[in-house]
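Survey of secondary and tertiary structure
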Amino acid sequence: MAYSNEDRLGIPDFMQKTNTYHQRPASSQYRRQTNARNMTEDDYEVYKEMRRRSLDRKNIHAKQSRKKVDNSLKGQLKRHWKGIVFSIGLGAAVFSADQALDELFHEADIINQNSVVSATRQAVRDHELRTDNVRNWQLNTSGVEQDVDAILDNGGDPLIVLGTLGNSLNKTYTQDELTSIVEHSFGENPDTLVRSLNPERYDEGIQDPDFKADVRNYIVQQTEADIARSHIDANSQLEAMLNSGQGIQNTGEKGMGGK
Amino acid sequence: MDEVEIYSFDDKDYVLVTKIDSYLYLSNEKDPRDMMIRKEDVNNPDLLLPIEDDEEFEHALLLLTRRKLETEES
């Protein structure tokens, strides 16, 4: 079938059946400045912890030495730094550094308030076994699959679930698990599925930076809309309470005046 | 095998990924997500000082951005 790009990145029908998308207004604003901000939630968590440890007032007494390590290790560590720093650096090139950081913090805070993102992250964490050595990392995929199915059955937005799974399981050693979970819950290989949404834009599949940026913006927009709706609901309730209170007060005044 | 500089503390080995001015960019050898920036004490190279504030932290990150780590990868 033909997918509309304005319909949640053209999410296929079988995914729409498990969510409340049709009740939400379509919008194209989530595509704003997608190439300027590619920091994933995972990067943000690493960044936040790195900042905390860098600013920790405690002096560190270290012992220096030299050591021979596997050739790939230093490159792997540099790539991690590059992933964090360049996502900020790209933002700093577009905005000022302060604005870029403020926006990243704001977006991450908004994303962290999204219940589907939280539930999906939790589904992974609840079935994760990790030691200090990543080589001993293990995931109970069937447990995650059951939890993801429950999230989707309860109306969780499939696009948000898919994007969050991609971010939570974005390491080379987690690819098999990600594939297994997505194939179980969405019926298709994750890369094939994401490419099918927009073959020209998402040619790298589920880890494509454009897909991640689009999903990130989509989550921010949906969450901001949910927050705005809850404020409207709260205001309506408050107004109803005030009106009700006014009625009571009027009644009271009448009563008092009646005496 | 590559030879790298190691800073050992808290029972962990941190690889010196790069050094710019007095800033040390460190990563846990066993966990690449465990990263930090510290400052070298000119009088005591074994003492790793904290970054003073957010402004200095951003300055250190921007220095690293300019260094363009990808050009150092072989």
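This write-up is about the structure you can find in this document. Just so it is clear, the model here is predicted, and its values are computed rather than measured. (Residues numbered from 1 in each chain as written. Chains lettered and ligands numbered in written order. Predicted model: local features only at pLDDT ≥ 70, side-chain atom pairs only at ≥ 80, totals over all residues. Heavy atoms only, no water.)

**Things to note about the nonpolar core**
Counting 31 residues, the largest nonpolar core has Val161, Leu162, Leu165, Phe186 and Phe211 of chain A as its most contacted members. Among the secondary structure elements, those contributing two or more residues to this core are helix H4 (97-112), helix H5 (115-125), helix H6 (141-153), helix H7 (158-168), helix H8 (175-186), helix H9 (190-197) and helix H10 (209-258) of chain A. With residues up to four places along the chain from it excluded, the contact list for Val161 of chain A reads Val116, Thr120, Val148, Ile151, Leu152 and Phe186 of chain A. One finds Leu73 of chain A together with Val4, Ile20 and Leu63 of chain B within the second-largest nonpolar core, a separate group that totals 27 residues. (Core = buried A, V, L, I, M, F, W, Y, C linked by side-chain atoms within 4.5 Å. Buried < 20%, exposed > 50% of the residue type's maximum accessible area, 1.4 Å probe, protein only. Helix = DSSP H or I, 4+ residues; strand = E, 2+ residues; numbered from the N terminus. Contact = heavy atoms within 4.5 Å.)

**As for the environment of Ile111 of chain A**
All names here are of chain A. Turning to its location among the elements, Ile111 is positioned in helix H4. Under the relative-accessibility criterion, Ile111 is labelled buried at 0%. As a C-alpha pair, Ile111 and Tyr218 span 107 residues in sequence and 9.8 Å in three-dimensional space.

**Examining the pairing of strand S4 (residues 35-41) of chain B**
All names here are of chain B. With 6 of 7 residues buried, S4 is to be regarded as a mostly interior element. In terms of strand pairing, strand S3 (residues 23-28) meets S4 through 5 bridges, oriented antiparallel. Residue pairing across strands places Tyr25 opposite Ile37, the latter belonging to S4. Hairpin connection from S3 to S4: 6 residues lie between these consecutive antiparallel strands. When S4 meets strand S5 (residues 44-49), the two strands line up antiparallel, connected through 3 bridges. When the bridges of S5 are listed, Glu40 appears paired with Leu48. Two successive antiparallel strands, S4 and S5, enclose a turn made up of 2 residues. (Pairing = 2+ DSSP bridges.)

**Observations regarding the interface of chain B and chain A**
How big an interface is tends to be expressed through the accessible area that disappears when the partners come together. In this complex, chain B contributes 50 residues to the contact, which on the side of chain A involves 47 residues. Interface area for chain B against chain A, summed over the two sides, is near 5,000 Å², with a carbon-plus-sulfur share of 57%. On the chain B side of the contact with chain A, Met1, Arg33 and Met35 of chain B bury the most area, a combined 15% of that side's loss. Linking chain B with chain A are 6 salt bridges. Only strand S1 (2-9), strand S2 (12-20), S3, S4, S5 and helix H1 (54-67) of chain B provide two or more residues apiece to the side of chain B that touches chain A. Broken down by element, the residue count for the side of chain B that touches chain A peaks at 8 residues, all from S1 of chain B. Looking at the side of chain B that touches chain A, its residues break down into 26 nonpolar, 4 polar and 20 charged. (Buried area = accessible area lost by both parts, 1.4 Å probe. Salt bridge = Lys/Arg side-chain N within 4 Å of Asp/Glu carboxyl O. Nonpolar A, V, L, I, M, F, W, Y, C, P; charged D, E, K, R; others polar.)

**With respect to the packing of aromatic side chains**
Taken as a whole and assessed by the stated rule, the structure comprises 4 aromatic pairs over all chains. Ring centres of Tyr202 of chain A and Phe211 of chain A lie 5.3 Å apart, and the angle between their planes is 75°; this geometry places the pair in the edge-to-face category. Pair check on accessibility: Tyr202 of chain A and Phe211 of chain A agree, each one buried. Summarising the aromatic geometry, the rings of Phe9 of chain B and Tyr14 of chain B are spaced 4.5 Å apart at their centres and angled 5° between planes, so their arrangement reads as stacked. Exposure remark for Phe9 of chain B: the relative accessible area of 5% places this residue in the buried category. (Phe/Tyr/Trp six-rings, centres within 6.5 Å; stacked < 30°, edge-to-face > 60°.)

Any functional reading would require information that these geometric values do not contain.
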